[in-house]
Amino acid sequence: MQIVKLTVLALGLLGSLAWAGDLPKMTLHKSPHCGCCDKYVDYLRANGLEVEVLVESNMGAVRQRLGVPAEQASCHTATLGGYVVEGHVPVASLEKLIQQQPDLVGISLPGMPASSPGMGAAQAGSLAIMTLPRQGDATLFNRE
């Protein structure tokens, strides 16, 4: 276990993971009627992630079970390596989450920003990825 942590630390010092294929499998929960969720899944798969999609009739119940507060909600909720990922979070933030292993429930990109993956053209610096803390208020996790 110590060698793995040192390897991840070394990779963190060198920059982000070489490709998203290094990330664990993601399970994504989505409404049956959401097309942007499908586009986000296409984006993730194009970036090397393995994604299992579960169609849910009650996304509110999924978010509540996984600990996502209403103010952090988006259109889909995922799990990745023991973390919750809410919304159209870019791959670089997923890599950072898995590399750093912070003591969080997960991360969120609240709402459905037009410049997020699966929603439209990227605009550098326009996305504020927030923490889903175990206690206390959300803080900025990453800006993309």
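Residues numbered from 1 in each chain as written. Predicted model: local features only at pLDDT ≥ 70, side-chain atom pairs only at ≥ 80, totals over all residues. Heavy atoms only, no water.

Colleague: Would you mind showing me how to read helix 3 (residues 59–66) here?
Modeller: Count 3.6 residues to each turn of an α-helix, and residues three or four apart come out pointing the same way. Those residues of helix 3 that sit buried are M59, V62, R63 and L66. Seen from one end, helix 3 has its buried residues packed into an arc of 95 degrees, which puts them on one side. Along helix 3, exposed side chains directed more than 90 degrees from the buried face belong to Q64 and R65. Residues of helix 3 that are buried sit in contact with strand 1 (26–30), strand 3 (76–80) and strand 4 (83–86). A side-chain oxygen of the first residue of helix 3 lies 3.2 Å from the backbone nitrogen of G60; this N-cap is N58. At the exit of helix 3 stands G67, carrying a positive phi of roughly 85 degrees. (Buried < 20%, exposed > 50% of the residue type's maximum accessible area, 1.4 Å probe, protein only. Helix = DSSP H or I, 4+ residues; strand = E, 2+ residues; numbered from the N terminus. Arc of directions from axis to C-beta. Contact = heavy atoms within 4.5 Å. Polar contact = N/O pair within 3.5 Å; in protein donor to acceptor, adjacent residues only side chain to side chain.)

Colleague: Teacher, can you tell me more about the packing of aromatic side chains here?
Modeller: Throughout the structure, instances matching the rule amount to one aromatic pair. The ring centre of F141 lies 4.7 Å from the NZ or CZ of K96, which sits over that ring. (Phe/Tyr/Trp six-rings, centres within 6.5 Å; stacked < 30°, edge-to-face > 60°. Lys NZ or Arg CZ within 6 Å of the ring centre and 35° of its normal.)

Colleague: What's the story with helix 4 (residues 91–100) in this structure? I'm lost.
Modeller: The element helix 4 is extensively covered by neighbouring structure, given that seven of its 10 residues are classed as buried. The complete set of buried residues in helix 4 reads V91, S93, L94, E95, L97, I98 and Q99. One or two positions beyond helix 4, positive phi appears at Q101, with a value near 50 degrees.

Colleague: Help me understand the pattern of salt bridges, please; the structure alone is not making it clear to me.
Modeller: Any two side chains of opposite charge can pair, so long as their charged atoms come close to each other. Tallied over the full model, the rule gives four salt bridges. Residues D38 and K30 are paired through a salt bridge, measuring 3.5 Å at the closest nitrogen-oxygen approach. Notably, a salt bridge pairs R63 with E86, separated by 2.8 Å at the nearest N-O pair. Here the residue R63 occupies a position in helix 3, and E86 occupies one in strand 4, the gap between them amounting to 23 residues. Taken as a pair, R63 and E86 share a single burial class, namely buried. (Salt bridge = Lys/Arg side-chain N within 4 Å of Asp/Glu carboxyl O.)

Colleague: Mind showing me how you'd approach the sheet that holds strand 7 (residues 140–143) here?
Modeller: If you trace the seven strands from one edge of the open sheet to the other, you get 2-1-3-4-5-6-7, paired in mixed fashion. Looking at which strands have only one partner, the edges of the open sheet turn out to be strand 2 (51–55) and strand 7. Each strand axis lies, on average, 20 degrees off the axis of its neighbour in the sheet, ignoring direction. Both strand 4 and strand 5 (residues 106–108) contribute to a ladder of three bridges, which runs parallel. (Pairing = 2+ DSSP bridges. Axes fitted to C-alpha atoms, helices over the stretch in contact; angles between N-to-C directions.)

Colleague: Hey, could you run me through the confidence of the model for the protein chain in this one?
Modeller: Do not read the predicted coordinates in detail wherever pLDDT is low. Summing up the model confidence of the protein chain, the mean pLDDT is 87 and the portion of residues at 70 or higher is 85%. Note on residues 1–19: pLDDT is under 50 here. Beyond four places in sequence and across chains, it has 11 contacts. (pLDDT = per-residue confidence, 0-100.)

Colleague: How should the side chain of H76 be read in this particular structure?
Modeller: Mapped onto the elements, H76 comes out in strand 3. In terms of polar contacts, H76 uses its side chain to reach the backbone carbonyl oxygen of G87, at 3.0 Å. Filtering out sequence-adjacent residues up to four positions away, H76 remains in contact with L28, H29, K30, C37, Y40, M59, R63, V85, E86, G87 and H88.

Colleague: I'm lost on the side chain of S93 in this one. Help?
Modeller: Structurally, S93 is set in helix 4. Polar contacts involving the side chain of S93 include one to the side chain of E144, which spans 2.4 Å. Not counting chain neighbours up to four residues away, the residues in contact with S93 comprise I107, I129, F141, N142 and E144.

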